[in-house]
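# Coordinate analysis (summary)
One-letter residues, chain by chain:
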Amino acid sequence: MGKARVLVTGAAGVAGRETARQLLVAGFEVRMADVGAPPKDAELAGVEFVRCDTRSPQDVEAAVEGCEGVVHLAAWHCGHIPPVSDATIFAVNVDGTFYVLEACVKFGVKAVAYASSMAYGHGGVYSVTKVIGEDLCRTWHNRTRRPITLLRYHDFVPKPYLAFGEKLLRNGVDARDVAASNVASISKGLEGGFGVLRSVIHTNHGMPADVVGDFKTHGLAWCEAQVPGSGALIAKYGITFPERVEQHDMSEAASVLGWTPQISFVTFLQDLAAREARGEDIRALWAPGLLPTAG
């Protein structure tokens, strides 16, 4: 039996490219699909790419046919640069998801990972598209009885390095953790054993509850204990702390998928200290994509 082929929609984006890389490492065949080709990347050279506008059922069917798993990342979001209209957001996020799932039914796809969002809700058009998207995903499962994950990602949009570090304490997550959750979803989904799994995809800093709840008071001492000398770096670069750290229960994803986030604020501080020691221009850096993985 050959390797399972997995389609990644929205494959030209940060999470899409990283998901494709990690799928390859995990031993899958990969098909990348997007409206435009991804940037040149030596690690992805030779990977199949198809142009696909998810608003086109014909494009979607051509992309899905022959695949056993689908990671559906293609979406517009409300904060996109350049901005797009609410009508475009709705069409891509809702119609596009409908067409992808219909193609998954037609071609017998065995497992799907859906890119939801922590913006899920009724606060705007983008948020509502994620509500509808999750409902469509549940409908697909009810029709096919096959595994699907609804992954509510936190913010992984690239930012200046220091802003990314601060964001990890709030609602930031590294794109590599996002990608790893996608790969775990498809891997476990193809094995069967679960139906619909919904999980927040965020960071885990390993903080005790009192530090999480009052980071303004306890955060600096906690950082210094984890990474000696980090207090001076925090002061030097003006890194600001939230009143409390945003933290979520991701134990079900760990139990069902075997996925846990690997990149945290401690990882960031360790990386910052190493770069400072090398004399790098910290303020000129961008992330994610620069931090080492834990371990």
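Since this is a predicted model, take the numbers as computed values, not measurements.

### A word on the UniProt feature "domain: NAD-dependent epimerase/dehydratase" (unreviewed entry) in the protein
Per the UniProt annotation, the sites labelled "domain: NAD-dependent epimerase/dehydratase" (unreviewed entry) are residues 6-154. Annotated as 41% helix and 21% strand, the span residues 6-154 places its first and last C-alpha atoms 23 Å apart.

### A short note on the packing of aromatic side chains
Inspection of every chain in the model, using the stated rule, returns seven aromatic pairs. Note on F241 and F265: the rings are 6.5 Å apart at their centroids and 80 degrees apart in plane angle, and the pair reads as edge-to-face. Linking F241 in the loop between α9 (230-236) and α10 (251-257) with F265 in helix α11 (residues 265-278), this pair joins segments that are 24 residues apart in sequence. We classify F241 as buried; its relative accessible area is 12%. Ring pairs connect the aromatic residues Y161, F215, W222, F241, F265 and F268, which therefore count as one cluster. In this arrangement the basic side chain of R152 is found over the ring face of Y120, its NZ or CZ atom lying 3.7 Å from the centre.

### Describing the sheet that holds strand β1 (residues 5-9)
Spatially, β3-β2-β1-β4-β5-β6-β8 is the arrangement adopted by the seven strands of the open sheet, whose pairing is parallel. The sheet terminates laterally at β3 (48-51) and β8 (196-201), the two strands that pair on one side only. In this sheet, neighbouring strand axes are inclined to one another by 20 degrees on average, regardless of whether the strands run parallel or antiparallel. Relative to β8, strand β6 (residues 148-153) runs parallel, the two sharing six bridges. Its bridge partner lying in β8, T149 is registered against L197.

### Focus on the state of the cysteines
Applying the stated criterion to the full structure yields zero disulfides. In this structure C52 is not part of a disulfide, and its nearest cysteine sulfur, from C67, lies 11 Å away. Using a relative accessible area of 6% as the deciding quantity, one classes C52 as buried. No disulfide involves C67; its nearest neighbouring cysteine sulfur is the one of C104, lying 8.8 Å away. For C67, a relative accessible area of 3% gives the class buried.

### With respect to the environment of A11
Mapped onto the fold, A11 is located in the loop between β1 and α1 (14-25). Sequence separation of A11 and F90 is 79 residues, and the distance between their C-alpha atoms is 19 Å. In this structure, A11 is in contact with G16, R17, M32, A33, D34 and P38, ignoring residues within four places of it in sequence.

Cut-off values and rules
- Residues numbered from 1 in each chain as written.
- Predicted model: local features only at pLDDT ≥ 70, side-chain atom pairs only at ≥ 80, totals over all residues.
- Heavy atoms only, no water.
- UniProt positions renumbered as here; feature names shortened; annotations may be inferred.
- Helix = DSSP H or I, 4+ residues; strand = E, 2+ residues; numbered from the N terminus.
- Phe/Tyr/Trp six-rings, centres within 6.5 Å; stacked < 30°, edge-to-face > 60°.
- Buried < 20%, exposed > 50% of the residue type's maximum accessible area, 1.4 Å probe, protein only.
- Lys NZ or Arg CZ within 6 Å of the ring centre and 35° of its normal.
- Pairing = 2+ DSSP bridges.
- Axes fitted to C-alpha atoms, helices over the stretch in contact; angles between N-to-C directions.
- Disulfide = S-S within 2.5 Å.
- Contact = heavy atoms within 4.5 Å.

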